There are 2 protein chains.
Amino acid sequence: MKISELSRRSGVSIPTIKYYLRDGLLPQGQLTTAANQADYGEEHLRRLRLIRTLVGVRRLSVSAVKEILGAITEEGDLHQIFGIVTDARPAMHQQKASEEEAAGGETAGVHDARRLITEMGWEVSPETAAIRTLGDVLDALADVDSDIDWQSLLPYARLTDRISELDVRQMNGASGLLELAERAVLVSVLLEPALLALRRLAQEDKSARLFSGGADGGDAA
Amino acid sequence: MKISELSRRSGVSIPTIKYYLRDGLLPQGQLTTAANQADYGEEHLRRLRLIRTLVGVRRLSVSAVKEILGAITEEGDLHQIFGIVTDARPAMHQQKASEEEAAGGETAGVHDARRLITEMGWEVSPETAAIRTLGDVLDALADVDSDIDWQSLLPYARLTDRISELDVRQMNGASGLLELAERAVLVSVLLEPALLALRRLAQEDKSARLFSGGADGGDAA
């Protein structure tokens, strides 16, 4: 197909496609006899859709996308790709993370996060970014003297474990690594706000049933 | 207690406490015989901790916090307080939301979000912000031609429903509306990154078990 059709079918503008071609994110098309024209295939379309998802949905920088695309073509292990795609941090968070890492040392919260992971029997890399996130939350809870600790989070961990089983099931039926990587981004990233929204709705429902009517409201002025 | 002790026990600096006093977020203390000194009680401490949580954790503006504190003292219905606390949007998101509202009309995604809510039997206000969030995600999924639709989200909705039951259970044992409101903020907001982190960890574990070893990697170049 011509670049104009590639643009129409991918939803990416021609100038942006040209920028991706120059930057090496997208491989050059087959040269045709017509001057200044190249022919693009389905693989270009699929790759372009993945780039659009990574940049638009996952909000990654072009250089991070380049790294991910490199990993997808060089390696054949979906687990690694899933990890690269989900663990890569949006450009704006990278500085903060490296500042924290430079500060060194492990907080009590991170220590507790590791205890939770052991208790759940989860096999994860000790470097996974989510361990620090979980540790930060536990530190913040302790900081406001909350009685919510890592053990209170265990029932949550068991339910999110079942959510992750749904997540990996969404990967079924994908053909080829590019499509698998695209699904990994959608499932891991785009579903995040959806899950939080579902929780808010369910909370509103439960809260209405439990607390409405002011029955609990009489004990404070 | 003196303002210095209030500062030490709340973790809020004296200049910030004075600012909250001037702004009416914190009621004045009892005047003592000592010149320029006031006496503060446990209620001041609790209120200050709630302000700190709303501003620091929930990232609300001082005027939004004022509104919430007003609702807590005027109304006695915990369900309403839970709704006010969780539905209030951080200052930076407010403009975007009103722009969307000004644009009017309901997208296909929002329509589908309402179908999901009906299917779940959730009793929620039709104006709840989370409906629009869920709709935006469904629109974004359709935009990238994903086959994940509102029906694929039903199993997720059932698990988040159980998560919300854990959430309301965390409210038990709180004494007084100020503490209940504080817990509502912690549970609804501070646990959000923790839940997403738990999901990532569980995904990594599942992905390792299912996809590792390159067995699935042979079907694409």
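Attention here is on the structure that accompanies the text.

Thresholds, definitions, all that
Residues numbered from 1 in each chain as written. Chains lettered and ligands numbered in written order. Predicted model: local features only at pLDDT ≥ 70, side-chain atom pairs only at ≥ 80, totals over all residues. Heavy atoms only, no water. Helix = DSSP H or I, 4+ residues; strand = E, 2+ residues; numbered from the N terminus. Buried < 20%, exposed > 50% of the residue type's maximum accessible area, 1.4 Å probe, protein only. Contact = heavy atoms within 4.5 Å. Areas by Shrake-Rupley, 256 points an atom, 1.4 Å probe, with all protein chains shown as cover. 1 Å grid on protein atoms, 1.4 Å probe; cavity = no way out; pocket = protein on both sides within 12 Å on 5 of 7 lines; lining within 4 Å. Points joined across faces, edges and corners; volume = space filled by probe spheres on them. Nonpolar A, V, L, I, M, F, W, Y, C, P; charged D, E, K, R; others polar. Salt bridge = Lys/Arg side-chain N within 4 Å of Asp/Glu carboxyl O. Expected span 1.5 Å × (residues − 1). Phe/Tyr/Trp six-rings, centres within 6.5 Å; stacked < 30°, edge-to-face > 60°. Buried area = accessible area lost by both parts, 1.4 Å probe. Least-squares fit on C-alpha atoms with pLDDT ≥ 70 in both. Axes fitted to C-alpha atoms, helices over the stretch in contact; angles between N-to-C directions. Parallel < 35°, antiparallel > 145°, perpendicular 65-115°, else oblique. Left-handed = near helix turned anticlockwise from the far one by under 90°. Core = buried A, V, L, I, M, F, W, Y, C linked by side-chain atoms within 4.5 Å.

Okay, the overall build of chain A next. From N to C terminus, chain A includes 10 helices and 2 strands. When the 221 residues of chain A are sorted by exposure, 50% land in the buried category. Contacts in chain A between residues at least 24 apart in sequence constitute 57% of all its contacts with a sequence separation of at least 6. Summed over its atoms, the accessible surface of chain A is roughly 10,600 Å², and 48% of this surface lies on carbon and sulfur atoms.

Now for empty space enclosed by the protein. According to the stated counting rule, one finds 1 cavity of 30 Å³ or more in the structure shown. Volume-wise, the largest cavity comes out at about 90 Å³. Among the secondary structure elements, those contributing two or more residues to the lining of the largest cavity are α9 (154-169) and α10 (177-211) of chain A together with α9 (154-169) and α10 (177-211) of chain B. Of the residues assigned to the lining of the largest cavity, the class counts are 6 nonpolar, 2 polar and 2 charged.

Further remarks concern the pattern of salt bridges. Pairs can form between side chains of opposite charge whenever their charged atoms are close. Applying the stated criterion across every chain yields a total of 20 salt bridges over all chains. A salt bridge links Arg199 of chain A to Asp167 of chain B, with the shortest nitrogen-to-oxygen separation between them at 2.8 Å. Here the residue Arg199 of chain A occupies a position in helix α10, and Asp167 of chain B occupies one in helix α9, the pair thus bridging two chains. Neither Arg199 of chain A nor Asp167 of chain B differs from the other in exposure class; each is buried.

Counted at 1.5 Å a residue, the expected span for α9 of chain A with its 16 residues is 22 Å, and the 23 Å between its end C-alpha atoms agrees. Within the sequence span of α9 of chain A, burial applies to Leu154, Tyr156, Ala157, Leu159, Thr160, Asp161, Ile163, Ser164, Leu166, Asp167 and Val168 of chain A. Packed against the buried residues of α9 of chain A are α7 (108-120) and α10 of chain A together with α9 and α10 of chain B.

Moving on: the packing of aromatic side chains. Residue and element names in this part refer to chain A. Under the definition given, this model contains 2 aromatic pairs over all chains. A ring pair is formed by Tyr19 and Tyr20, whose centres lie 5.8 Å apart and whose planes are at 45 degrees; its orientation type is tilted. Since its relative accessible area comes to 8%, Tyr20 is described here as buried.

Contacts between the two partners involve 83 residues from chain B, matched on the other side by 83 residues from chain A. For the pairing of chain B and chain A, the buried interface totals around 8,200 Å² over both sides, and the portion due to carbon and sulfur atoms is 67%. Interface area lost by chain B to chain A is led by Tyr156, Arg199 and Arg200 of chain B, which between them contribute 9%. There are 8 salt bridges connecting chain B and chain A.

A few words on the relation of the copies chain B and chain A. Here chain B sits on chain A after a turn of 180 degrees about the axis and a move of 0.0 Å along it, with an RMSD of 0.1 Å. Both copies are brought into coincidence by an operation consistent with a two-fold rotation axis. Across chain B, the rotation axis passes nearest the C-alpha of Leu159 of chain B, at a separation of 3.3 Å. Looking at the interface residues of chain B, 100% of them are also at the interface in chain A, so both copies use one shared face.

A separate point is the packing of α9 of chain A against α9 of chain B. Taken N-terminus to C-terminus, the directions of α9 of chain A and α9 of chain B make an angle of 170 degrees; their axes are 10 Å apart at the nearest point. One finds that α9 of chain A runs roughly antiparallel with respect to α9 of chain B. Between α9 of chain A and α9 of chain B, the contacting residues are Pro155, Tyr156, Leu159, Thr160, Arg162, Ile163, Leu166 and Asp167 of chain A on the first element and Pro155, Tyr156, Leu159, Thr160, Arg162, Ile163, Leu166 and Asp167 of chain B on the second. Each residue belonging to the contact of α9 of chain A with α9 of chain B can be placed in one class, and the counts come to 10 nonpolar, 2 polar and 4 charged.

So, on to the side chain of Gln170 of chain A. Here Gln170 of chain A lies in the loop between α9 and α10. Residue classification places Gln170 of chain A among the buried residues on the basis of a relative accessible area of 18%.

Time to look at helix α8 (residues 129-143) of chain A. At 3.6 residues per turn, the α-helix brings residues three or four places apart onto the same side. Between its terminal C-alpha atoms α8 of chain A stretches 21 Å, which fits the 21 Å expected from 15 residues at 1.5 Å a residue. Looking at α8 of chain A, one finds that the buried residues are Ala129, Ala130, Ile131, Leu134, Gly135, Val137, Leu138 and Leu141 of chain A.

Another aspect to go through is the packing of helix α7 (residues 108-120) of chain B against α9 of chain B. Residues and elements named next belong to chain B. It is the contact of α7 with α9, at a shortest axis distance of 11 Å, that shows an interaxial angle of 55 degrees. When the interaxial angle is binned, α7 and α9 end up oblique. Crossing of α7 against α9: the hand is right-handed. On α9, the residues touching Leu116, Glu119 and Met120 of α7 are Leu154, Ala157, Arg158 and Asp161. Looking at the contact of α7 with α9 residue by residue, the classes come out as 4 nonpolar, no polar and 3 charged.

Here we take up the nonpolar core. Ranked by internal contacts, the top residues of the largest apolar core, which has 66 residues, are Leu116, Trp122 and Leu134 of chain A together with Leu116, Trp122 and Leu134 of chain B. Only α7, α8, α9 and α10 of chain A together with α7, α8 (129-143), α9 and α10 of chain B provide two or more residues apiece to this core. Membership of the second largest hydrophobic core comes to 36 residues, among which are Ala38, Tyr40, Ile51 and Leu177 of chain A.

So, on to the environment of Ile17 of chain B. All names here are of chain B. If you trace the backbone, Ile17 turns up in helix α2 (residues 14-23). Considered as a pair, Ile17 and Leu48 are 31 residues apart in the sequence and their alpha carbons are 8.1 Å apart. With sequence-adjacent residues up to four places away left out, Ile17 is seen in contact with Ile3, Leu6, Ser7, Ser10, Val12, Leu26 and Leu48.

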